[in-house]
Amino acid sequence: MENLQFIRVNTLKISPEELKKRLEEKNVVLEDTFLNYVFRVKISPFSMGATPEYLSGLYFLQSISSIIPSIVLNPTKDDKVLDMCSAPGGKTTHLSQLMENEGCIVAVEINKNRLKSLRSNINRMGIKNIIMLNTNAINLNKNLKFDKILLDAPCTGNEIKDSDRVKTKRDILFCAKRQVELFRTAIEVLSEGGQLVYSTCSPEIEEDEEIISYILKTYKNMELIELNKEDFPGINVIDGEIKGTLKVIPPNEPFFIAKLKKITK
Ligand SMILES: C[S@@+](CC[C@H](N)C(=O)[O-])C[C@H]1O[C@@H](n2cnc3c(N)ncnc32)[C@H](O)[C@@H]1O
């Protein structure tokens, strides 16, 4: 099988051209993707997680599927952004890069140990617009308000990440319940007119489309913003069961992505 490792260049520190040149000088073979700052690693003589360039924060190792949610959220320098489930920070640091290290991101993570990897990634990548919160995102103060929210929810995962785990119906329903609870808080702290991206790396319909359809049925002030699979050439993306949602399928890492807007309070 071809190598499906990707690097996201940290454009806060280096240009894609310069990093590509530096890695090619070390015999790394990179292939372009539809994003000028993301490359597929075709051949590497060494581990891409142990190079001086990696350690000094010039790039992040990230599946191309998991690059989609931050692009779809499309934050600007003026936004107040909430990342509800943020460690180890692949998407948070990508959001920060898209915001050119300006604006403000509140990155929430419940797990203390995982918060350490988030902190180290933020430091390594020279990011200055993130406030970390070690708490349960479900219990966030409902008076807070954000323009954009990423809910990259904890889920049962997928066979590419976790091939030996056997998931049960019980695991799936446990995650689905928590996903709805997180979603309820997300809607409360989203400003009127604000946008929310929901993603999971699980292909299970109970954690994906069924969550979106429950939310759209229950919250009449939330509407779906339709996504277009043609915007992601070179990635195996199909339409989800709900028109306008996306599913990334193998050989890429499975992912589900949906975007919603809060039309009224
Ligand atoms: C899918 S991972 C997030 C990956 C991350 N967004 C990234 O791109 O690197 C889900 C994360 O949510 C955290 N989490 C689970 N329940 C949470 C909660 N109630 N509040 C905040 N974080 C939570 C988990 O510890 C885990 O780190």
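We now turn to the structure provided with this report. Please read these numbers as outputs of a predicted model, since none were measured by experiment.

## Observations concerning the site of the ligand
- Among the 19 residues in the neighbourhood of the ligand, the closest are listed as Lys91, Glu109, Arg114, Asn136 and Asp152.
- The backbone of proline 88 places a nitrogen or oxygen atom 3.4 Å from an oxygen atom of the ligand.
- Here a nitrogen atom of the ligand sits 3.3 Å away from a polar atom, N or O, in the main chain of isoleucine 110.
- When the ligand sits alone it has 600 Å² of accessible area, and the protein chains cover 88% of it.
- Partitioned by chemical class, the residues of the shell around the ligand number nine nonpolar, six polar and four charged.

## Description of the sheet that holds strand S3 (residues 38-43)
- With antiparallel pairing, the four strands of this open sheet are ordered in space as S2-S3-S1-S4. A strand with exactly one partner marks an edge of an open sheet, and here the two such strands are strand S2 (29-32) and strand S4 (59-61). The sheet shows a mean angle of 35° between the axes of neighbouring strands, taken without regard to direction.
- Relative to S4, strand S1 (residues 5-9) runs antiparallel, the two sharing three bridges. When the bridges of S4 are listed, isoleucine 7 appears paired with leucine 61.

Rules and cut-offs
- Residues numbered from 1 in each chain as written.
- Predicted model: local features only at pLDDT ≥ 70, side-chain atom pairs only at ≥ 80, totals over all residues.
- Heavy atoms only, no water.
- Near = heavy atom within 4 Å.
- Polar contact = N/O pair within 3.5 Å; in protein donor to acceptor, adjacent residues only side chain to side chain.
- Areas by Shrake-Rupley, 256 points an atom, 1.4 Å probe, with all protein chains shown as cover.
- Nonpolar A, V, L, I, M, F, W, Y, C, P; charged D, E, K, R; others polar.
- Pairing = 2+ DSSP bridges.
- Helix = DSSP H or I, 4+ residues; strand = E, 2+ residues; numbered from the N terminus.
- Axes fitted to C-alpha atoms, helices over the stretch in contact; angles between N-to-C directions.

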